[in-house]
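Below, each chain spelled out in residue letters.
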Amino acid sequence: VTVDQIIDGSNKQDGLTVAGLLEALLNYIAVERRKMKTIALQSDNAAYYHAKDLIFSIPILNAISMRKNGPYFTRFLHTETQDGKGGCDGHASHLKQRNLRFLKDTNKNVFKRISTPEEFCVAASWKGGMKNCGLQLLEFGEDGAGENRFKQLHDLFDAVGKEALE
């Protein structure tokens, strides 16, 4: 199962942001795919997927989720290079073609182009969405709620790190 996460209100890309996205993924799977207990992550080879904040967050997120009898991450796979030929790139290409068909086949007076995260999600979920795929629209508003959550995760990582050193 592939889950596409579309972010509204932020374009920040770092380890803590990805950790927040992984937390949202665990919550999604716990609710929408209850039978699924183990998760193998697959990402492209971008630098923020190797960030210390992200690497240290995965066992913490696993522990929190497993306490609730939820899903957990077992593997983290990276494509070899960022040359546009990996599995993630193939999925994105298929999704782009699907969204172009959506524009072609729907009412031209309603959708002339896809220019917002919400419109992207409408197009991506058109006719039930892609087979074996999930879709999340995650909103990070101007109130900084998303940023505050990432700060809470960072504080948790600091506390766990200090405890481990003692």
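As the structure is a prediction and not an experimental result, all values here were calculated from the model.

Asks: I'm lost on the confidence of the model for the protein in this one. Help?
Replies: The predicted coordinates ought not to be read in detail in places where the model reports low pLDDT. Chain-level pLDDT for the protein is 79 on average; 78% of the residues reach the 70-or-more range. No element of the protein has a lower mean pLDDT than helix α5 (residues 145–165), at 52, and none a higher one than helix α2 (residues 52–67), at 90.

Asks: Just to check I follow, could you spell out the nonpolar core for this structure?
Replies: Residues L22, L41, L54 and F73 are the most contacted members of the largest nonpolar core, which totals 16 residues. When contributions to this core are tallied by element, the ones reaching two or more residues are α1 (15–32), β2 (38–43) and α2. If one sorts the elements of this core by residue count, α1 sits on top with seven residues. Those residues in contact with L41 that lie beyond four places of it in its chain are L22, L25, I58, F73, R75, F76 and L77. Core analysis: the next-biggest nonpolar cluster, separate from the first, contains five residues, F102, L103, F111 and W126 among them.

Rules used in this analysis
Sequence order as written defines the numbering, with residues in each chain counted from 1. Per-residue local features are limited, in this predicted model, to residues with pLDDT of at least 70; the limit for side-chain atom pairs, both in listing and counting, is 80 or more; totals at the level of whole chains, interfaces and linings are taken over all residues. Working from all heavy atoms in the structure, the side-chain values ignore hydrogens and water. The predictor reports its confidence for every residue as pLDDT, a score running from 0 up to 100. Secondary structure counts use DSSP, requiring at least four H or I residues in a row for a helix and at least two E residues in a row for a strand, with both numbered from the N terminus. Nine residue types can take part in a nonpolar core, namely buried Ala, Val, Leu, Ile, Met, Phe, Trp, Tyr and Cys, and a core is a set of them joined through side-chain atoms within 4.5 Å. Think of it in three bands: with a 1.4 Å probe and only protein chains considered, a residue is buried below 20% of the maximum accessible area for its type, exposed above 50%, and partly exposed in between. Contacts were defined at the residue level, with two residues in contact if any of their heavy atoms lie within 4.5 Å.

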